[in-house]
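# Overview (structure and organization)
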Amino acid sequence: MDTMDALLQRHSCNKLTEPAPDADQLRFIQQAALRAPDHARLRPWRFLVIAGEGRVQLGDAMVDILLADQPSADADQQQRTRAKPLRAPMIIVAIARIQNHPKVPAMEQVLSAGCAMHAMLLAAFAQGLGAIWRTGPLASDTRLHAKLGLAAGETIIGFLYLGTPALSMPETLRPAVDEHFSHWP
């Protein structure tokens, strides 16, 4: 797939199945992330690749947090929470690593990490893989950050679910360009 097609046709795929990206596909996705805009070459990101049993452990960590917040959560709530990481055969957790810098504000560093995440989405799509960027309340939960080994100044910007599309995606209606762009002055 050429670059223009990837940019103009990319869509999220929320129904994913095996197989996960193979080693070559994953390497391409990883390399794409590292080409994100990066003022002062801070590399304000890092990533955790979670597959196989790691997804089960992530689900267990999510249930621990659920039960800490809602001790009366029933078995169904616990199972739904535990199953979230199993919605795809691979997850990449994107982490923004905020550093003090006189010319690069924290927001720019988070945006750079977001660009890295978007580059991974495009790289997956260009290879015929399915992907969806998810967040939710757990992305900003410091207890999950601790369980995943995040350091001070780090925050999760999203979970990139990766796999093989389980369904063909219908063409998505795109917004009209003129509704979102104008010329100034």
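Read on for a plain summary of the structure. (Residues numbered from 1 in each chain as written. Predicted model: local features only at pLDDT ≥ 70, side-chain atom pairs only at ≥ 80, totals over all residues. Heavy atoms only, no water.)

The next thing to look at is the overall build of the protein. When you go through the protein residue by residue, the secondary structure sums to 6 helices and 5 strands. When the helices and strands of the protein are placed in sequence order, the string is α-β-α-β-α-α-β-α-β-α-β. On C-alpha atoms alone, the protein measures out to a radius of gyration of 18 Å, which is about the 16 Å that the 2.2 N^0.38 rule sets for 185 residues. Here the C-alpha coordinates of the protein stretch approximately 55 × 45 × 35 Å along the principal axes. For the protein, buried positions account for 38% of its 185 residues. Contacts spanning at least 24 positions in sequence make up 80% of the contacts within the protein whose residues lie at least 6 apart. Of the accessible surface of the protein, which amounts to about 11000 Å², a share of 56% is contributed by carbon and sulfur atoms. (Helix = DSSP H or I, 4+ residues; strand = E, 2+ residues; numbered from the N terminus. Rg over C-alpha atoms; globule rule 2.2 N^0.38 Å. Buried < 20%, exposed > 50% of the residue type's maximum accessible area, 1.4 Å probe, protein only. Contact = heavy atoms within 4.5 Å. Areas by Shrake-Rupley, 256 points an atom, 1.4 Å probe, with all protein chains shown as cover.)

Core analysis: the largest hydrophobic core is formed by 23 residues, its most contacted members being Ile29, Ile92, Met120, Leu160 and Leu162. Where this core is concerned, the elements lending two or more residues are helix H2 (23-33), strand S3 (90-97), helix H5 (106-126) and strand S5 (154-165). Of all the elements, H5 adds the most residues to this core, at 8 residues. Residues within four places of Ile29 in sequence aside, it is in contact with Pro21, Ile92, Met120, Ala123, Ala124, Gln127, Leu129 and Leu162. (Core = buried A, V, L, I, M, F, W, Y, C linked by side-chain atoms within 4.5 Å.)

Within this structure, the stated rule accounts for 7 salt bridges. Across the pair Asp38 and Arg43 runs a salt bridge, and its minimum N-O distance is 2.7 Å. Asp38 gets classed as buried once you look at its relative accessible area, which sits at 16%. Note that Glu154 and Arg46 form a salt bridge whose closest N and O atoms lie 2.8 Å from each other. Separated by 108 residues along the polypeptide, Glu154 in strand S5 and Arg46 in strand S2 (residues 45-51) bring together distant segments of the chain. Take Glu154: its relative accessible area is 13%, and that puts it in the buried class. Assessed through its relative accessible area of 23%, Arg46 is described here as partly exposed. (Salt bridge = Lys/Arg side-chain N within 4 Å of Asp/Glu carboxyl O.)

Note on placement: Ser112 falls in helix H5. Classification of Ser112 as buried rests on a relative accessible area of 6%. Note: C-alpha distance between Ser112 and Ile50 (62 residues apart in sequence) is 22 Å.

The full count for this structure, using the stated rule, is 0 aromatic pairs. Over the face of the ring belonging to Tyr161 we find Arg134, whose NZ or CZ atom lies 5.3 Å from the ring centre. (Phe/Tyr/Trp six-rings, centres within 6.5 Å; stacked < 30°, edge-to-face > 60°. Lys NZ or Arg CZ within 6 Å of the ring centre and 35° of its normal.)

This next bit is on helix H3 (residues 53-69). Here H3 is 17 residues long and its end C-alpha atoms lie 25 Å apart, about the 24 Å a rise of 1.5 Å per residue gives. The complete set of buried residues in H3 reads Arg55, Leu58, Gly59, Ala61, Met62, Val63, Ile65 and Leu66. Where H3 is buried, its residues meet S2, helix H4 (75-83), S3 and helix H6 (142-147). (Expected span 1.5 Å × (residues − 1).)

This part is about the side chain of Glu154. Reaching out from Glu154, the side chain makes a polar contact with the side chain of Arg46 at a distance of 2.8 Å. When residues no more than four places from it in sequence are discounted, the contact partners of Glu154 are Arg46, Ile95, Ala96, Arg97, His145 and Gly149. (Polar contact = N/O pair within 3.5 Å; in protein donor to acceptor, adjacent residues only side chain to side chain.)

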